[in-house]
Amino acid sequence: MDESRSAPNLAELAREHYALVYRYAYRLSGSAEEAEDLTQQAFLTAHRRLHQLRDANSAKSWLCAILRNTFLTRVTSQRSLQMVPLHGFWDPVQEQSAPPSFDSNELQQVLNELSEEFRTPLILYYFEEFSYREIAEQMAVPIGTVMSRLARAKTHLRRRLEALQSAPTR
Amino acid sequence: MDCRRALEILEFSDRESDGASADFCSADDRAAAESHLESCAACAQAVRNWRQLDRAIAQVMRAVPVPRGAQQRLLARLAEIETKPVDSASEAVASAPNPVSDELARLAQSSKLPSRRRFLRSLVPVAACVAVAGIGFFSVVWMFSPRWSVEQVSQELAKLDFDSLQTLGNFTGNGAAASLPKEPGWERLNWEGGALAKGLPAAPDVIAVYGFDIPKTHHHGAARGLIAVIPRNRIRNLPAAGSLATASPTSEYMEARLGESVSVAWQEGNVVYVCLLQGGADSLSTLQGILDQPSA
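Residues numbered from 1 in each chain as written. Chains lettered and ligands numbered in written order. Predicted model: local features only at pLDDT ≥ 70, side-chain atom pairs only at ≥ 80, totals over all residues.

Draft legend 1. Main features of the overall build of chain A. Across its full length, chain A holds seven helices and zero strands. Its helices and strands taken in sequence order, chain A reads α-α-α-α-α-α-α from the N to the C terminus. Every one of the 170 residues in chain A was classed for burial, and the buried ones make up 38%. Of the contacts formed within chain A by residues at least 6 apart in sequence, a portion of 71% connects residues at least 24 apart. (Helix = DSSP H or I, 4+ residues; strand = E, 2+ residues; numbered from the N terminus. Buried ≥ 20, exposed ≤ 12 C-beta atoms within 10 Å, placed from the backbone. Contact = placed C-beta atoms within 7 Å.)

If you want it as structure tokens, here you go:
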């Protein structure tokens, strides 16, 4: 058996990174079924392109980029994303608030309000703590664009989560 | 340092390890922002709040249960795919001697080539050298040609005094690189100086500048601004938008630096347009509305 063949390596990647890729897919798509489907599709794409992965240390970023492309291909054909306007992003002064309390569904609800270009850097930033540079490489945009989108998306996220916490139903 | 700038710096450099924000703030800026926190209780509280919220978001963000069996289903699928393309028969074919390809290999190595082909082959290294030298020459020219970011152009525009635009020297570069946007509507604007291109003082032979001043009417508000035209190859970070209609404000960093102005950029053909509008984000929608109208 040829040790350099791709199957053992990809299986290894799937064992190591499946949960990460699935969770990323879930946060991008907002649906468990969609997330599993996207994850499987992403790994099948990775299987075909395994020769492009030169450095095993960058496998995580590589898989995330493939997952995002898979997601984008899908939503481009569906075009069902809804966007909310993002306003200016500085809140110079904020009142002291109680410790944050919100659940995964509420967070997903706010993420779903964002367009993909704002949602992706947000997920990568919080989820896997990718650096600005890594996010820029994955999204193929300048670092300044990432920082700008991230700032606006973070502000939106914070405002909405704070609003959810202060809502009378909570 | 004011609150807004301090929070901006702290936000962007809060979790940074790769120097990505170096273009936007220096180590001194960062130190000044930190010391601002010591003297400003409101900012200190705001930073504590957002850091607390950020930790909570990160924690909840990762709280996604992975369905049982999903990973195994994928591994099974991968194993199934892996076994299909490589079977023992194809491996045997691949390793078996192939008389045709062996003969081709022998021919390829033969020195008995026709003289014309031998001559052409001898030219290959020369052509390669010429190509490498050419690429090297143009790379050096390219490397030493100053290039600007959209943000830098915006800041240079912000330095201009709109009212004294006419006192600037005329644009001295290639006229084709100073063309106004081709979208309908632009040519109808009220151009300061009759749409005569002025040279941006920082690069009068590369970047052309125009000023427009559209008075308020009962159909639309007033719009006043500057538009810079830059050859595409002289811009470091090309904007994604292909027209003003699809462009969004260049960068929120710039908002603080441009005061009451807003900057947008888009590319069209071989040029990039950077438009600095007085009056903030509302003025952008005003201008977009004016351009959309059948007559301005």
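After presenting the structure, the write-up continues.
Draft legend 2. Up close: the overall build of chain B. Scanning chain B from N- to C-terminus turns up ten helices and six strands. Taken across its 296 residues, chain B has 26% of its residues classed as buried. Summarising the internal contacts of chain B: among those between residues at least 6 apart in sequence, 63% fall at separations of at least 24.

Draft legend 3. Seen up close, the packing of helix H1 (residues 3-13) of chain B against helix H3 (residues 41-61) of chain B. Residue and element names in this part refer to chain B. Between H1 and H3, the shortest axis-to-axis distance is 11 Å and the interhelical angle comes to 25°. Overall, the two elements H1 and H3 adopt an arrangement that is roughly parallel. Judged by the sense of rotation from one axis to the other, the crossing of H1 with H3 is right-handed. Where H1 abuts H3, its residues Cys 3, Ala 6, Leu 7 and Leu 10 lie against Cys 43, Ala 46 and Val 47. Residue composition of the contact of H1 with H3, grouped by class: seven nonpolar, no polar and no charged. (Axes fitted to C-alpha atoms, helices over the stretch in contact; angles between N-to-C directions. Parallel < 35°, antiparallel > 145°, perpendicular 65-115°, else oblique. Left-handed = near helix turned anticlockwise from the far one by under 90°. Nonpolar A, V, L, I, M, F, W, Y, C, P; charged D, E, K, R; others polar.)

Draft legend 4. Representation of helix H4 (residues 104-112) of chain A in the model. Every buried residue of H4(A) is accounted for by Leu107(A), Val110(A) and Leu111(A). The buried residues of H4(A) occupy an angular sector of 105° when the element is viewed end-on, so they sit on one face. (Arc of directions from axis to C-beta.)

Draft legend 5. Looking closely at the environment of Thr167(B). In this fold, Thr167(B) is placed in the loop between helix H8 (150-159) and strand S1 (191-192). When the C-alpha atoms of Thr167(B) and Lys198(B) are compared, they prove to be 9.0 Å apart, with 31 residues separating the residues in sequence.

Draft legend 6. Representation of the packing of H1(B) against helix H2 (residues 27-39) of chain B within the structure. Residues and elements named next belong to chain B. Running from amino to carboxyl end, H1 crosses H2 at an angle of 115°, the nearest separation of the two axes being 9 Å. Pair H1 / H2 crosses with left-handed handedness. Touching Ala 6, Ile 9, Leu 10 and Ser 13 of H1 are Asp 29, Arg 30, Ala 33, His 36 and Leu 37, all from H2. Partitioned by chemical class, the residues of the contact of H1 with H2 number five nonpolar, two polar and two charged.

Draft legend 7. Highlighting the pairing of strand S3 (residues 203-214) of chain B. All names here are of chain B. Bridge analysis of strand S2 (residues 198-200) against S3 gives three bridges, and the strand direction is antiparallel. Within S3, the residue paired with Leu 200 across the bridge is Ala 203. Where S3 and strand S4 (residues 223-231) come together, seven bridges link them in antiparallel fashion. Looking at S4, one finds that Phe 212 is bridged to Gly 225. (Pairing = 2+ DSSP bridges.)

Draft legend 8. Quick peek at the nonpolar core. Membership of the largest hydrophobic core comes to 58 residues, with the highest contact counts inside it found for Val21(A), Ala25(A), Ala42(A), Leu63(A), Leu67(A) and Leu122(A). Non-local contacts of Ala25(A), meaning those with residues more than four positions away in its chain, are made with Ala35(A), Leu38(A), Thr39(A), Leu67(A) and Phe71(A). Trp186(B), Leu189(B), Phe212(B) and Ile227(B) belong to the second-largest nonpolar core, a separate cluster that totals 39 residues. (Core = buried A, V, L, I, M, F, W, Y, C linked by C-beta atoms within 7 Å.)

Draft legend 9. Spotlight on unusual backbone geometry. Despite not being glycine, Ala140(A) shows a phi value in the positive range, around 55°. With respect to the helices, strands and loops of the structure, Ala140(A) is situated in the loop between helix H6 (132-139) and helix H7 (143-166).

Draft legend 10. Structural view of the pairing of S4(B). Residues and elements named next belong to chain B. Counting buried positions over the nine residues of S4 gives eight, a clear majority of the element. In terms of strand pairing, S4 meets strand S6 (residues 271-278) through seven bridges, oriented antiparallel. From the neighbouring strand, Gly 225 faces S6, where its bridge partner is Leu 277.

Draft legend 11. Region of interest: the confidence of the model for chain B. Residue and element names in this part refer to chain B. Of all residues in chain B, 76% attain a pLDDT of 70 or more, and the chain-wide mean is 76. Summarising per-element confidence for chain B, the mean pLDDT is lowest in helix H6 (residues 99-109) (40) and highest in S6 (89). Note that residues 86-113 has pLDDT below 50 and, in this model, three contacts with residues that lie over four places away or in other chains. Confidence estimates for the predicted assembly give a pTM of 0.50 and an ipTM of 0.79. (pLDDT = per-residue confidence, 0-100.)

Draft legend 12. Summary view of helix H5 (residues 116-127) of chain A. Residue and element names in this part refer to chain A. Across its twelve residues, H5 extends 15 Å between first and last C-alpha, which sits within 8% of the 16 Å expected from 1.5 Å per residue. For H5, the buried fraction is high: nine of the twelve residues fall into the buried class. Along H5, the positions that sit buried rather than exposed are Phe 118, Arg 119, Thr 120, Pro 121, Leu 122, Ile 123, Leu 124, Tyr 125 and Tyr 126. Positioned one or two residues after H5, Glu 129 has a phi angle of 55°, which is positive. (Expected span 1.5 Å × (residues − 1).)

Draft legend 13. Expanded view of the confidence of the model for chain A. Residue and element names in this part refer to chain A. Residues at a pLDDT of 70 or more form 78% of chain A, whose mean pLDDT is 78. Segment residues 1-8: pLDDT under 50, and four contacts once partners within four positions in sequence are set aside and those in other chains are kept. Within the model, the stretch residues 79-96 combines pLDDT values under 50 with 33 contacts to residues more than four positions away or in other chains.

Draft legend 14. Up close: the environment of Ile57(B). Along the polypeptide, Ile57(B) turns up in helix H3. If we ignore the near neighbours within four places in the chain, the residues touching Ile57(B) are Leu107(A), Tyr126(A) and Leu157(A).

Draft legend 15. Broad picture of the environment of Glu8(B). For Glu8(B), the location among the structural elements is in helix H1. Distance in space between the C-alpha atoms of Glu8(B) and Arg30(B) is 10.0 Å, their sequence separation being 22 residues.

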